[in-house]
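Okay, here's what each chain looks like letter by letter:
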Amino acid sequence: MPDPTIRVRIAPSPTGPLHIGTARTALFNFLFARHVGGTFILRIEDTDVARGSEAYERDILEGLDWLGIPWDEGPDPAGGGDVGPFGPYRQMQRLDLYRAAADRLLAADLAYPCFCTPEELAADRAAQEAAKLPPRYVGRCARLTPDERAARLAEGRRPVTRFRVRSGVVGWNDLVRDRIEIDTANLGGDFVILRADGTPLYHFTVVVDDAAMEISHVIRGEDHVGNTPKHILLFEALGHPVPEFAHLPLILNPDGTKMSKRKGQTALDDYRAEGFLREGLVNYLAYLGWSPGTEEDVLPLHEIVARFDLAKVHKGGAKFDRERLEWLNGQWIRRLPPDELIDRLRPFLERAAADGRIDRVPDDEELRALLPIVQERLPTLAAIVDLVGFLWTDTIRADRTTLVPKRWDAATTSEALLAARELLRTHDQVTWEADELEPPLRALAESHGWKAGDLFMAIRVAVTGRTATPPLFDTLVALGPERSLARLDAATEALAEPA
RNA sequence: GCCCUCAUCGUCUAGAGGCCUAGGACGCCACCCUUUCAAGGUGGAGAUCAGGGGUUCGAAUCCCCUUGGGGGCACCA
């Protein structure tokens, strides 16, 4: 049952690649909207021209799109025109709206021009700091007469526009944190809403846009709690009903501070590049600060939507736990249908080939045959190369020390490898299958008095170059008789070389 | 300095006065399975519910204080 009165938004600023925290906030907005049948809007807050870039905007749209949390209104991720009746959805295309809103505030004397110079403001702040007072605008220009303003204008000084902060207490019933009240005396004085060049600042654009776009619920990070009174004041000054607010707990670094690039991996793109699935990421992110209250850990998006409830969102922050993310991702990889897994693995193989980490890319058929032995061994998609990259590499390097099993010496290893090679060479190639390869090799070990495990380990390292691999006989099958024999030869040669 | 705010195993969490001698999951340890590595199964260690006061027949759950943590105080968003 769609509810047109419920409208939420994610409003990222393109000043960096899509942040995992932004993705989480977007997800919670999406979950809330879908759960109640509301509308999920994406708005680009690009008024910080100095730090923003179009490349970042693309990264954000692409990342959100990839995550699988589609917005109902906003820029078209494919690069087309905006979608939705409240556009445009990029703030730099809405400048006249802010200008008009500011004019209304100016006309009602709810805002005023301020001619203070950056130097004056810096001096004020320094003085306040020295006196151990909280920083705040002193109000030098708050009560300028028309003549004084005209005089300054005549000097060629360009004023910023400041919003008059009224005295009193502003409060709201936060949907996750309950009642919050803040005395406006602690807001830092009258704040700037328009720069001298007329471009608007954050606090002003959010409110003008949230009002214009009829946003009913503002769901954002806890770091915005202190901004909320300013926004409420602005809504009131603009004569617009104040929306509901819900402040989400922050995602934290391992040391408990707000997640940052310095102390953690924050770009969604980096997780994507490592081969984390959207399903795993979404599942994990949804469980940071929220839980369905049941004992289900692996939950698909539509189930999360069905169970989501803002009232059950936590108040305290949650540390980002990569181990748990990896486990969850593995769960999702194991749940992927074969064809789907193959499709998702492909880009990672192509990338590995481009980087020279493997020499060729397997086709779908080869990959499909491999899935039974790799699917349960992948914590991430990118791990495929590490796991079985030796299958697509022309030459492997197996050094002498790893070639010789723990309980063996080089001579025994050579002897065993030679015997195994001979056995495999004469093995019927039509029955080059795991079930057919195992018995004769076991018999070989027994006849020489070797432990089967030692023999298998020697062969494993000889044909793969590593001690940890998928099951040996499946590996030999994937390798094929020709390459298996060649690698056994190369290994014996390596052992024969003087150390 | 000021304002706001949070507080259950190492981590993510269940818990909305008696069901809690606090449950699950990740991680860790052991065992089983086993040719290695995983996956899977079983079991285990791990939280005097930050501390102290109340309220109550009864508190992890309600109130107060303390402590500790976090967030915020821009012509950034």
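This write-up is about the structure you can find in this document. Along each chain, residues carry numbers from 1 onward, in the same order as the chain's sequence is written. Both sets of labels track the order of writing: A upward for chains, 1 upward for ligands. In view of the model being predicted, local features appear only for residues whose pLDDT reaches at least 70, and side-chain atom pairs are presented and counted only at 80 or more, with totals across whole chains, interfaces and linings using the full set of residues. Based on all heavy atoms of the structure, the side-chain values leave hydrogens and waters out of the count.

### Topic: the overall build of chain A
Argument step 1. In terms of helices and strands, chain A carries 20 helices and 11 strands.
Argument step 2. Each radius of gyration reported is based on C-alpha atoms, and the globular scaling rule is 2.2 Å times the count of residues to the power 0.38. Taking 499 residues into account, the globule formula puts the C-alpha radius of gyration at 23 Å, and chain A, at 32 Å, lies well above it.
Argument step 3. Each principal axis of the C-alpha distribution contributes one length, and for chain A these read about 105 × 55 × 40 Å.
Argument step 4. Using a 1.4 Å probe on the protein chains alone, a residue whose accessible area is under 20% of its type maximum counts as buried, one over 50% counts as exposed, and one in between counts as partly exposed. Each of the 499 residues in chain A was classed as buried or not, and the buried ones make up 49%.
Argument step 5. Only heavy atoms matter for contacts: two residues are in contact if any of them lie within 4.5 Å across the pair. Expressed as a percentage of contacts within chain A between residues at least 6 apart in sequence, the contacts between residues at least 24 apart total 73%.
Argument step 6. Note on areas: Shrake-Rupley, 1.4 Å probe, and residue coverage restricted to the protein chains presented here. About 23600 Å² of surface is accessible on chain A, with carbon and sulfur atoms providing 52% of the total.
Argument step 7. Of the side chains in chain A, 61 bear a positive and 78 a negative charge, and the two mean positions are spaced by 7 Å. By the criteria applied, helices consist of DSSP H or I runs no shorter than four residues and strands consist of E runs no shorter than two, each listed in order from the N terminus. Under the counting rule used here, the positive set is Lys and Arg, the negative set is Asp and Glu, and His together with the chain ends is not counted. We put the charge of a Lys on NZ, of an Arg on CZ, of an Asp on CG and of a Glu on CD.

### With respect to the packing of aromatic side chains
One pair of aromatic rings is described through two measures. These are the centre distance and the angle between the planes.
Argument step 1. Pairing of aromatic rings covers Phe, Tyr and Trp, the last through its six-membered ring, and needs centres within 6.5 Å; plane angles under 30 degrees mean stacked, over 60 mean edge-to-face, and all others mean tilted. Across all of its chains, the model carries 11 aromatic pairs by this definition.
Argument step 2. Ring geometry for Y271 versus F320: centroids 5.6 Å apart, planes at 55°, classification tilted. Of this pair, Y271 sits in helix α8 (residues 268–273) while F320 sits in the loop between β11 (318–319) and α11 (322–335), placing them 49 residues apart in sequence. This pair shows no difference in class: Y271 is buried, exactly as F320 is.

### Focus on unusual backbone geometry
Argument step 1. A cis amide bond, omega 0°, links G87 with the succeeding residue P88.
Argument step 2. Within the secondary structure, P88 is located in the loop between α2 (54–67) and α3 (95–107).
Argument step 3. Positive phi, close to 60°, is recorded for D109, a residue that is not glycine.
Argument step 4. Following the sequence through the fold, D109 ends up in the loop between α3 and β3 (111–114).
Argument step 5. Judged by relative accessible area, which is 38%, D109 ranks as partly exposed.
Argument step 6. Even without being a glycine, K132 presents a positive backbone phi close to 55°.
Argument step 7. Mapping K132 onto the fold places it in the loop between α4 (118–130) and α5 (146–154).

### Concerning the nonpolar core
Argument step 1. Working definition of a nonpolar core: buried Ala, Val, Leu, Ile, Met, Phe, Trp, Tyr and Cys residues. They are joined through side-chain atoms within 4.5 Å. Core analysis: the largest hydrophobic core is formed by 111 residues, its most contacted members being F320, L441, L455 and I459.
Argument step 2. Considering each element in turn, this core owes the most residues, 9 residues, to helix α1 (residues 20–36).
Argument step 3. Those residues in contact with L441, other than ones at most four positions away along the chain, are A420, L423, L424, L455, F456, I459, F473 and L476.
Argument step 4. The next biggest cluster of nonpolar side chains, apart from the first, holds 33 residues, and it includes A111, I180, V206 and L233.

### Here we look at the protein's contact with RNA strand B
Argument step 1. A molecule or strand has a residue near it when one of that residue's heavy atoms lies within 4 Å. Neighbouring residues of RNA strand B: 65 residues in total, closest D48, G289, E376, R377 and R460.
Argument step 2. Each atom of RNA strand B within 4 Å of the protein was classed as base or backbone; sugar and phosphate made up 70%.
Argument step 3. Interatomic distance of 2.6 Å between a side-chain N/O atom of R51 and a sugar or linking oxygen of RNA strand B.
Argument step 4. Here a polar contact is recorded for every N or O atom pair within 3.5 Å, except that within protein the pair must consist of a potential hydrogen donor and a potential acceptor, and residues adjacent in sequence are included only if both atoms are side-chain atoms. Contacts to RNA strand B include K258, whose side-chain N or O atom sits 2.6 Å from a phosphate oxygen.
Argument step 5. At the level of elements, α4, β4 (160–163), β6 (178–183), α6 (202–212), β11, α11, α18 (452–464) and α19 (472–479) are the ones that each hand at least two residues to the surface near RNA strand B.
Argument step 6. The element best represented in the surface near RNA strand B is α11, accounting for 5 residues.

### Considering the packing of α1 against helix α9 (residues 278–286)
Argument step 1. Axis separation between α1 and α9 bottoms out at 10 Å; the angle between their running directions is 80°. With respect to each other, α1 and α9 are oriented roughly perpendicular. Packed against α1, whose contacting residues are I20, A23, R24, L27, F28 and L31, the element α9 presents V282, L285 and A286 at the interface.
Argument step 2. Amino acids are sorted into nonpolar (Ala, Val, Leu, Ile, Met, Phe, Trp, Tyr, Cys and Pro), charged (Asp, Glu, Lys and Arg) and polar (every other residue, Gly among them). Partitioning the contact of α1 with α9 into residue classes produces 8 nonpolar, no polar and 1 charged. Under this scheme, a helix contributes an axis fitted over its contacting stretch, all axes are lines through C-alpha atoms, and angles between N-to-C directions fall in the 0 to 180 degree range. In what follows, roughly perpendicular refers to angles from 65 to 115 degrees, roughly parallel to angles under 35, roughly antiparallel to angles over 145, and oblique to any angle outside these ranges.

### Considering the pairing of β3
Argument step 1. Residues A111 and P113 of β3 are buried on one face, and the alternating residues Y112 and C114, pointing to the opposite face, are buried as well.
Argument step 2. Any two strands between which DSSP finds at least two bridges are classified as paired. Summarising the sheet, β3 and β4 pair through 4 bridges and their orientation is antiparallel. In the strand pairing of β4, C114 is matched with V160.

### Some thoughts on helix α20 (residues 481–496)
Argument step 1. A rise of 1.5 Å per residue sets the reference length of α20, with its 16 residues, at 22 Å; its end C-alpha atoms lie 23 Å apart and thus fit the reference within 8%.
Argument step 2. Those residues of α20 that fall on the buried side of the exposure criterion are P481, S484, L485, R487, L488, A491, T492, A494 and L495.
Argument step 3. Buried residues in α20 make contact with α15 (400–403), α16 (410–426), α18 and α19. Multiplying 1.5 Å by the residue count of a helix minus one yields the expected span of that helix.

### Quick notes on the sheet that holds β3
Argument step 1. If you walk across this open sheet you meet the 3 strands as β3-β4-β7, and the pairing is antiparallel. The sheet is open, and its two borders are formed by β3 and β7 (191–194), each paired with just one other strand. For this sheet, the mean inter-axis angle between neighbouring strands, taken without regard to orientation, is 45°.

### Notes on the pattern of salt bridges
Argument step 1. Just to be clear on terms, a salt bridge is a Lys or Arg side-chain nitrogen sitting within 4 Å of an Asp or Glu carboxyl oxygen. By the definition in use, this model includes 37 salt bridges.
Argument step 2. In this structure, the salt-bridge partner of R324 is D297, at a minimum N-O distance of 3.4 Å. Residue R324 is found in helix α11, and its partner D297 is found in the loop between α9 and α10 (301–307); the two are separated by 27 residues along the sequence.
Argument step 3. You can call D297 partly exposed: its relative accessible area is 33%.
Argument step 4. Here R344 ties to E340 by a salt bridge, and the two come within 2.8 Å at their closest N and O atoms. On the criterion of helical spacing, the pair formed by R344 and E340 is a turn pair, its members being 4 residues apart in helix α12 (residues 338–354).

### Quick word on the side chain of T266
Argument step 1. Along the chain, T266 turns up in the loop between β10 (251–252) and α8.
Argument step 2. Residue T266 is classed as buried on the basis of its relative accessible area of 7%.
Argument step 3. Those residues within four positions of T266 in sequence are excluded, and the remaining contacts are L18, H19, I20, M259, S260 and K261.

### Structural notes on the state of the cysteines
Argument step 1. The criterion for a disulfide is a pair of cysteine sulfur atoms lying within 2.5 Å. Under the counting rule described, the total for this entry stands at 0 disulfides.
Argument step 2. Here C116 is not disulfide-linked; the sulfur of C141 is the nearest cysteine sulfur, at 3.5 Å.

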